[in-house]
Every structure is written in C-alpha cells, then in structure tokens.
Amino acid sequence: MNRFQTLVLALTTCSFAIVGSVSAQSPALPVIPTNTFRVTQYGAVGDGQTMNTAAIQKTIDAASKAGGGVVLVPEGRFLTGPFTLASRINLNLASNAVILISDDMAKHPVVKSRYQDCISVADAQDVEISGEGTIDGQGKAWWAAFEADHNMTHRPYMIKLFNCKRVRIQGSP
C-alpha cells in the first residue's frame with residue numbers, strides 16, 4: 001500500500017534538479033534544523049475524531065518562529081482541515097501516524113472559487129514531508145460530491161507546493 005494514499009500533488013514552479021543529457025546531478029536537498037516539535041505538545045489528539053487543524057498549524061508556526069525544524073506527527077489518527085507549511089520545516093509522520101484530511105467540506109474554506117488545498121506551502125525553501133506514516137485524503141467523499149454536482153466549487157489538492165526551492169518528499173516503501 002502506498003504510504004501517501006490518494007495523493008494529489010500539485011507542484012508549481014518548484015525547483016528540482018534537472019537531469020542533463022550527459023550526466024545526472026543530485027538535486028539540492030532541504031536544509032532543516034533538527035529541533036523537534038511534536039503536534040501533541042501543541043494540543044493535537046490522535047483519536048481520529050478530534051479536529052486538529054489549529055494544533056497542527058500552531059506547531060508549524062512555533063517551529064517556523066524558532067527558525068525551522070521537524071514537525072513530528074506521532075502514532076495516531078490526526079483529523080485535520082487545511083494547514084500551511086513554511087520554510088525550513090520537515091513534516092514527519094512516524095510509523096502508524098495518519099494525517100486524516102477532513103471530508104467535511106465546511107472545514108475547507110473557499111479561496112478564489114476553489115476549496116483551500118489540504119496541505120500547502122508557497123514561496124518557501126527547504127521543505128520536506130517524510131516518514132513512515134500515511135496522509136489519507138479521504139478522497140472518496142470529494143469525488144462523490146463532484147459526481148453529484150459537476151459545477152461544485154473545485155475540490156482541493158491534497159498537497160500543493162507553489163514557487164518552492166529545495167523540496168523533498170520521501171517515505172518508506
């Protein structure tokens with residue numbers, strides 16, 4: 001099973017190393033401090049029912065204010081609405097950790113005629129999403145709503161990166 005289930009990833013003007021016709025170059029990797037910020041220390045509850053959007057965003061904001069670091073999602077099921085990553089952040093999902101994107105459309109604000117993307121970052125550098133956990137977009141509910149009404153507000157991307165440098169997304173096979 002793919003660790004990043006139902007992943008819809010939008011990469012727009014993000015920098016990646018280009019493989020030349022003569023020799024391959026390794027892309028520049030993100031540079032992220034090792035300070036760890038556990039989402040549970042900022043109020044997140046991994047019971048699969050508690051809405052954790054504010055706690056996750058608070059954790060990311062604290063890490064960003066400290067100059068960056070690892071935002072650790074420990075084992076558990078963390079239900080959330082949309083949140084925004086920042087520069088020098090590694091969103092790390094521990095083994096058996098699940099970020100469960102809410103399928104309640106009311107939890108997703110509409111921005112510029114589309115639902116806000118679930119996990120987004122813009123104009124950033126040194127961004128990573130890693131670990132052995134799962135991001136579950138619960139896409140079935142969104143597809144059902146779209147099938148029922150093709151004129152609905154555009155459903156969100158699960159992960160959207162815009163104008164970013166040094167990005168790495170990795171998980172365990």
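The rules behind these values
Residues numbered from 1 in each chain as written. Predicted model: local features only at pLDDT ≥ 70, side-chain atom pairs only at ≥ 80, totals over all residues. Heavy atoms only, no water. Helix = DSSP H or I, 4+ residues; strand = E, 2+ residues; numbered from the N terminus. Buried < 20%, exposed > 50% of the residue type's maximum accessible area, 1.4 Å probe, protein only. Contact = heavy atoms within 4.5 Å. Areas by Shrake-Rupley, 256 points an atom, 1.4 Å probe, with all protein chains shown as cover. Pairing = 2+ DSSP bridges. Axes fitted to C-alpha atoms, helices over the stretch in contact; angles between N-to-C directions. Expected span 1.5 Å × (residues − 1). Core = buried A, V, L, I, M, F, W, Y, C linked by side-chain atoms within 4.5 Å. Salt bridge = Lys/Arg side-chain N within 4 Å of Asp/Glu carboxyl O. pLDDT = per-residue confidence, 0-100.

1. What to know about the overall build of the protein
Then step 1. Broken down by element type, the protein carries two helices and 15 strands.
Then step 2. Looking at the protein as a whole, 43% of its 173 residues are labelled buried.
Then step 3. Pairs at least 24 apart in sequence give 75% of the contacts found in the protein among residues at least 6 apart.
Then step 4. For the protein, the accessible area works out to roughly 9100 Å², and carbon and sulfur atoms hold 51% of it.

2. Looking at the sheet that holds strand β12 (residues 125-131)
Then step 1. Read from one edge of the open sheet, five strands run β2-β4-β7-β12-β15, paired in parallel fashion. Both edges of this open sheet fall to β2 (36-38) and β15 (165-171), since each of them pairs with a single strand only. Strand-to-strand twist in this sheet, taken as the mean axis angle between neighbours without regard to direction, amounts to 15°.
Then step 2. The pairing of β12 with β15 spans six bridges and is classified as parallel. Bridging across to β15, G131 finds its partner in G171.

3. A closer look at helix α1 (residues 53-65)
Then step 1. Here α1 spans 18 Å end to end across 13 residues, near enough to the 18 Å set by a 1.5 Å rise per residue.
Then step 2. The inward-facing, buried residues of α1 contact β2, β3 (47-51), β4 (69-73), β5 (76-80), β6 (83-84) and β7 (89-93).
Then step 3. Once α1 finishes, G67 follows within two positions and takes phi at roughly 100°, a positive value.

4. Considerations on the environment of N35
Then step 1. Turning to its location among the elements, N35 is positioned in the loop between β1 (9-12) and β2.
Then step 2. You can call N35 partly exposed: its relative accessible area is 41%.
Then step 3. Other than its neighbours up to four places away in sequence, N35 contacts G68, G69 and V70.

5. Brief notes about the nonpolar core
Then step 1. In this structure, V73, F83, L85, L91, I99 and I135 are the most contacted members of the largest nonpolar core, which totals 31 residues.
Then step 2. Contributions of two or more residues to this core are made by α1, β4, β7, β8 (97-101), β11 (119-122), β12 and β14 (159-162).
Then step 3. In terms of residue count, α1 provides more of this core than any other element does, four residues in total.

6. Considering the pattern of salt bridges
Side chains bearing opposite charge may pair, as long as their charged atoms lie close to each other.
Then step 1. Evaluated as defined, the whole model comprises three salt bridges.
Then step 2. Measuring nitrogen to oxygen at the nearest pair gives 3.2 Å for the salt bridge that ties D117 to R114.
Then step 3. Residue classification places D117 among the buried positions, given a relative accessible area of 9%.
Then step 4. Judged by its relative accessible area of 18%, R114 is buried.
Then step 5. With a closest N to O distance of 3.3 Å, R168 and E128 form a salt bridge. Pair noted here: R168 is in strand β15 and E128 is in strand β12, with a separation of 40 residues, a long-range link.
Then step 6. Residue class for R168 comes out partly exposed when judged on its relative accessible area of 26%.

7. With respect to the side chain of S120
Then step 1. Looking at the element boundaries, S120 is found in strand β11.
Then step 2. On the basis of relative accessible area, S120 is assigned to the buried category, the value being 16%.
Then step 3. Setting aside chain neighbours within four positions, we find S120 in contact with F83, T84, L85 and K160.

8. A word on the confidence of the model for the protein
Then step 1. Overall, the prediction assigns the protein a mean pLDDT of 85, with 85% of residues at 70 or greater.
Then step 2. Counted against residues more than four places away or in other chains, residues 1-22, with its pLDDT under 50, gives 54 contacts.

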